Amino acid sequence: MKAGQYFALTIGIIFVLIGVAGFIPDLVKPPIADPDAVNLSYIEGYGYLMGLFPINVLHNIVHLTVGLLGIFASLSLGSARLFSGVLALFYGLLTILGLFPPTQSMLGLVPLFGNDLWLHAGTAVIATYFGFLAKPDLLELREQGHDEQANPSS
């Protein structure tokens, strides 16, 4: 596995764990921000994961989906780089949406404010590196090509 694949796998596992944690009541504290004050209309499971990050059921489902996609994307370098690039764009957009009060709730469905801002921004920055900047050297690409030719089932 290459660094980009390790990134996709690691971020995938982390996001699956975060998604699962959001469904564990003991890890979700009562909401600090009133749903009406942050334009949040979908409040099922609304609270703060570990008392820090605003979440709801839809937010947890997004985390689980991103996590599973990362795990599957880690199977090849090309899919890991694609995953990282899309992740960078997606979380970059979520960061921007979270900066403005009218869009901090993603059309009233998912909370995107508070500590989520720096977490989304950090994810976008790291994913940008693995998706757009980190380039495998020619030797790594050649070795991957030889591995695929020697073992076509992988």
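Predicted model only: the values in this text are computed from it and were never measured.

A. Main features of the overall build of the protein chain. What the protein chain contains, in helices and strands, is 5 helices and 3 strands. Ordered by position from the N terminus, the helices and strands of the protein chain form the series α-β-β-β-α-α-α-α. For the protein chain, the residues scored as buried account for 41% of the 154 residues in total. Surface accessibility of the protein chain: about 8600 Å² in total, with carbon and sulfur atoms responsible for 73%.

B. Inspection of the side chain of Asp116 at higher detail. For Asp116, the location among the structural elements is in helix H4 (residues 116-133). In this structure, Asp116 is buried with no salt-bridge partner, the nearest side chain bearing the opposite charge being Lys29 at 16 Å. Ignoring sequence-local partners within four residues, the contact set of Asp116 consists of Phe53, Pro54, His59 and Pro111.

C. Expanded view of the nonpolar core. Ranked by internal contacts, the top residues of the largest apolar core, which has 18 residues, are Phe7, Ile11, Val66, Phe83, Leu87 and Tyr91. Those elements that place two or more of their residues in this core are helix H1 (3-21), helix H2 (57-73), helix H3 (77-98) and H4. Ranked by residues supplied to this core, first place goes to H3 with 7 residues. By size, the runner-up hydrophobic cluster in this structure holds 6 residues, among which are Ala33, Val38, Tyr46 and Phe113.

D. Broad picture of H3. A rise of 1.5 Å per residue sets the reference length of H3, with its 22 residues, at 32 Å; its end C-alpha atoms lie 31 Å apart and thus fit the reference within 8%. When H3 is considered as a whole, its buried residues turn out to be Leu77, Ala80, Phe83, Ser84, Gly85, Leu87, Ala88, Tyr91, Leu94, Thr95, Leu97 and Gly98.

E. The arrangement of the sheet that holds strand S1 (residues 28-29) in detail. Read across the sheet, 3 strands follow the order S1-S2-S3 without closing on themselves; strand pairing throughout is antiparallel. At either margin of the open sheet sits one strand with a lone partner, and together these are S1 and strand S3 (53-55).

F. Representation of the side chain of Asn60 within the structure. Following the sequence through the fold, Asn60 ends up in helix H2. Of the residues examined, Asn60 reaches a relative accessible area of 1% and is grouped as buried. When neighbours within four sequence positions are excluded, Asn60 is seen to be in contact with Gly19, Gly22, Phe23 and Ile55.

G. The arrangement of the environment of Tyr129 in detail. Mapped onto the elements of the fold, Tyr129 is located in helix H4. Spatially, the C-alpha atoms of Tyr129 and Ala88 are 8.6 Å apart, while their sequence positions differ by 41 residues.

Cut-offs used in this document
- Residues numbered from 1 in each chain as written.
- Predicted model: local features only at pLDDT ≥ 70, side-chain atom pairs only at ≥ 80, totals over all residues.
- Heavy atoms only, no water.
- Helix = DSSP H or I, 4+ residues; strand = E, 2+ residues; numbered from the N terminus.
- Buried < 20%, exposed > 50% of the residue type's maximum accessible area, 1.4 Å probe, protein only.
- Areas by Shrake-Rupley, 256 points an atom, 1.4 Å probe, with all protein chains shown as cover.
- Lys, Arg positive; Asp, Glu negative; His and termini not counted.
- Salt bridge = Lys/Arg side-chain N within 4 Å of Asp/Glu carboxyl O.
- Contact = heavy atoms within 4.5 Å.
- Core = buried A, V, L, I, M, F, W, Y, C linked by side-chain atoms within 4.5 Å.
- Expected span 1.5 Å × (residues − 1).
- Pairing = 2+ DSSP bridges.

Take it as geometry only, folks, not as evidence of what the structure does.
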